[in-house]
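Notes for the structure review
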Amino acid sequence: MGYVKTAMLMAAMTALFMGVGYLIGGSGGAVIALAVAAAMNAFTWWNSDRMILRMHNAQPVAPGDRLGLHALTAELARNAGLPEPKVYLIDTPQPNAFATGRNPANAAVAVTAGLMHSLTREELAGVIAHELAHIRNHDTAIMTVTATFAGAISMLANFALFFGGSRERLGLVGTLLMMFLAPMAAALVQMAISRTREYAADKAGAEICGQPIWLASALEKIAVGAARIDNHAAERNPATAHMFIINPLHAHKYDSLFATHPATENRVAALRAMMAHGGGISGAAEPPMSASRIPNTKKHRRAGPWS
């Protein structure tokens, strides 16, 4: 049902984009709008990972790093049946993480310094498994496309006042309403897609690491940290907020109409329900991980709470 809902929401986003184009320039405007969207998405498809990593000043993590982050990610990727993604570290105290890339062969996982210092090894494994689930489900590509659509719809709506066709069809009041309502509708669709995919990634991430409780515990800690610690790069680039495992912006606590993520307590409850029903680990490509399989070298143990 998650994929069906995502497909329906993507169709709604496309229809909204073409509708705004039609109101501005008639049938020709709708065709032009679709062509522009295709060009924007083609550019974003090939460059989104580098653009987003650069926005957050993410630095690559080499194999054999002292924290064991690369080894842990590689182990989980094998368990998920995925190519090994690139690994990045973001120098911010807020605990958080995201995945990006147009497909599993060109993917990256980025975690913050705050995440590394606030979670146990098991909780970190749960977070990385969640991000790998986004990669395996191709959510990174979906969310990039929806973000591009949302931005293009806002741009078109703001151009409405400069085109006579829209004023002839809607009048000045209608054009002004479209300038506000079209971007709002696009944002709502974008948020709905993000929320749908987060639940799916939580479930698949629990299957990849084999321990839903690891991810549930991590989500609770990240939510507390994200609520009290600023992420300045995310604040400067709010369009990327939906990519993080927990909203990096200081948003509302509950499942509201304008939330980019489901409420953390609802996600944790779903993961604990998985644990109560046997863990839900049937989706792992290899036997689920145990704590003993998480890299734990002497250098690794020097990191923060892992000592």
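Before reading on, note that the structure itself is shown above.
These remarks concern the structure in this document. (Residues numbered from 1 in each chain as written. Predicted model: local features only at pLDDT ≥ 70, side-chain atom pairs only at ≥ 80, totals over all residues. Heavy atoms only, no water.)

Here we come to the pattern of salt bridges. When the charged atoms of two side chains with opposite charge come close together, those side chains can pair. Scanning all chains against the criterion turns up 8 salt bridges. Note that D139 and R197 form a salt bridge whose closest N and O atoms lie 2.8 Å from each other. Linking D139 in helix 5 (residues 139-159) with R197 in helix 6 (residues 164-209), this pair joins segments that are 58 residues apart in sequence. Residue D139 shares its accessibility class with R197, and that shared class is buried. (Salt bridge = Lys/Arg side-chain N within 4 Å of Asp/Glu carboxyl O. Helix = DSSP H or I, 4+ residues; strand = E, 2+ residues; numbered from the N terminus. Buried < 20%, exposed > 50% of the residue type's maximum accessible area, 1.4 Å probe, protein only.)

With that out of the way, let us pick up the environment of A241. The residue A241 is located in the loop between helix 8 (232-236) and helix 9 (264-276) in this model. Relative accessible area serves as the criterion here: at 1%, A241 is assigned to the buried category. Sequence separation between A241 and H261 is 20 residues, and the spatial gap between their C-alpha atoms is 9.2 Å. Non-local contacts of A241, meaning those with residues more than four positions away in its chain, are made with N247, P248, L249 and H261. (Contact = heavy atoms within 4.5 Å.)

We now examine empty space enclosed by the protein. One pass over the structure, following the stated rule, counts 1 cavity of 30 Å³ or more. Roughly 80 Å³ of volume is contained in the largest cavity. Within the residue set of the lining of the largest cavity, elements represented by two or more residues are helix 4 (121-136), helix 5 and helix 6. Broken down by class, the residue content of the lining of the largest cavity amounts to 3 nonpolar, 4 polar and 4 charged. (1 Å grid on protein atoms, 1.4 Å probe; cavity = no way out; pocket = protein on both sides within 12 Å on 5 of 7 lines; lining within 4 Å. Points joined across faces, edges and corners; volume = space filled by probe spheres on them. Nonpolar A, V, L, I, M, F, W, Y, C, P; charged D, E, K, R; others polar.)

Another point: helix 2 (residues 69-80). Residues spaced three or four apart along an α-helix point in a common direction, a consequence of the helix completing one turn every 3.6 residues. Between its first and last C-alpha atoms helix 2 spans 16 Å; for 12 residues at 1.5 Å apiece the expected length is 16 Å, and the two agree. Most of helix 2 is tucked away, with 10 of its 12 residues classed as buried. Just past helix 2, the residue G81 takes up positive phi, approximately 75 degrees. (Expected span 1.5 Å × (residues − 1).)

A separate point is the nonpolar core. Ranked by size, the top nonpolar core spans 42 residues in total, and within it L69, L76, L115, V127, L132 and I222 carry the most contacts. Taken together, the elements giving at least two residues each to this core come down to helix 2, strand 3 (97-101), strand 4 (107-112), helix 3 (113-118), helix 4, helix 6, helix 7 (212-228) and helix 9. Among the elements that line this core, the one with the most residues is helix 4, at 8 residues. Leave out the neighbours within four places in its chain, and L69 touches V61, V87, V111, M116, L124 and I128. Counting residues in hydrophobic clusters, the runner-up holds 10 residues, among them I52, L53, A108 and A110. (Core = buried A, V, L, I, M, F, W, Y, C linked by side-chain atoms within 4.5 Å.)

To continue, consider helix 7. When the terminal C-alpha atoms of helix 7 are compared, their 25 Å separation across 17 residues agrees well with the 24 Å that a helix rising 1.5 Å per residue should span. All of the buried residues along helix 7 are P212, W214, L215, A216, A218, L219, I222, G225 and A226.

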